[in-house]
Amino acid sequence: MKVRPAALLSMLLVFSLLFSGPAGAASLSGAAGGAAEGGAAEAEDVVIETVEEVSPREESPALIEAGPVSVEEAVYLAAALYQECREIPEAEKIYMAVQKLKEEGVPAPGHLVSLSRELYRFTFRYRHMLKAHPHLEDAVVGLTDVTVRLAYRFATGDGARLLVYRYAAGTYAALGHYRRAARVLELALELARDRKRGYGELRGVYRKLGDRELKVFVRGKKQEFDVRPLLSNGRTLVPLRAISEALGARVDFNPAAQEVLINRGSINISLNLNGNVAVVNGKRVVLDEPARLVNSRTMVPLRFVSEALGAAVDYDQHTGTITVED
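Cut-offs and rules
Residues numbered from 1 in each chain as written. Predicted model: local features only at pLDDT ≥ 70, side-chain atom pairs only at ≥ 80, totals over all residues. Heavy atoms only, no water. Pairing = 2+ DSSP bridges. Helix = DSSP H or I, 4+ residues; strand = E, 2+ residues; numbered from the N terminus. Contact = heavy atoms within 4.5 Å. Axes fitted to C-alpha atoms, helices over the stretch in contact; angles between N-to-C directions. Phe/Tyr/Trp six-rings, centres within 6.5 Å; stacked < 30°, edge-to-face > 60°. Buried < 20%, exposed > 50% of the residue type's maximum accessible area, 1.4 Å probe, protein only.

1. Quick notes on the sheet that holds strand β2 (residues 221-222)
1) Next: On the basis of which strands lie adjacent, the open sheet formed by 4 strands has the order β2-β1-β13-β12 and mixed pairing. Two strands bound the open sheet, and with one partner strand each, they are β2 and β12 (312-316).
2) Next: Summarising the sheet, strand β1 (residues 215-218) and β2 pair through 2 bridges and their orientation is antiparallel. Its bridge partner lying in β2, Val218 is registered against Lys221.
3) Next: Here helix α9 (residues 195-209) sits on the sheet in contact with β1, β2, β12 and β13 (321-325), set at roughly 170° to β13.

Below, the structure written as structure tokens:
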């Protein structure tokens, strides 16, 4: 395999490629769309490795929050990659997959899955070549970014998005772009059936990043609190209303008695601000840490509230990851 170490294409060459595909470029099968949209597959062949060092080239990713996205971005990057790696069959498959998206106008979910899969396979096999040629690494990372954003915007079914996110995570991790890998794994968790596996992969990426900041996931969704969780005497305190509502409970507050009331089905919980005793269905429970006000938010022990509402809590001290599942 010979790779030309030249810089990326001149604009003239890029535009010539945009309008002329490789001879005989075949249409990719849309069969992946059916399984993807039904959520039957979860990209079992993806390996989320954490063997590469953290890439010094990675900036904090915006990805989903990056604003408008178009297929033309993918066309440009795929053309650049194919020009320098045309001797590699996997690079041609990537180019063909992008050309298919261009023909469609509105990307089909199954073809977004196909593109993300080809990017993953190409990267996993040729990672060392890509890392030796930073402009090629940038093209692959940029093309994966665009694919994720297209899937977020156009893949209406959870199954297709889940597959794209998992393949993207494998691509990013293979190049040491772990911040990106963490972001798409967080997105994938919200859609996955096997969250245990997803949590394990995500914790591995957090460990690689040295990320020990407290993070709370409820039913696979990463919680964004307006007041940050805090540790007090070995107990994690979180905003009461946010964690309760994430578990499907209703919260009421009696200001006169400074009493908080939580209800979920047949479960009723009451506790007082700054008190160390709660009542769960008429039974008194002594709290290790009392509820308290922090920046106008009632903070409560996460484990107590979650378990009282029938959920299981797991804490990984090495990554600060707390998972709540019921």
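2. Brief notes about the packing of aromatic side chains
1) Next: The final tally for this structure, using the stated rule, is 5 aromatic pairs.
2) Next: With a centroid separation of 5.9 Å and an interplanar angle of 45°, the aromatic rings of Tyr120 and Tyr167 are classed as tilted. Of this pair, Tyr120 sits in helix α5 (residues 109-132) while Tyr167 is found in helix α7 (residues 158-174), placing the two residues 47 residues apart along the sequence.
3) Next: Judged by relative accessible area, which is 4%, Tyr120 ranks as buried.
4) Next: Accessibility expressed as a relative area gives 5% for Tyr167, which makes it buried.
5) Next: Considering the side-chain rings of Tyr199 and Phe217, the 6.0 Å spacing of their centres and the 70° angle between planes classify their relative orientation as edge-to-face. In this pair, Tyr199 sits in helix α9 while Phe217 sits in strand β1, placing the two residues 18 residues apart along the sequence.
6) Next: Given the relative accessible area of 0%, Phe217 is considered buried.

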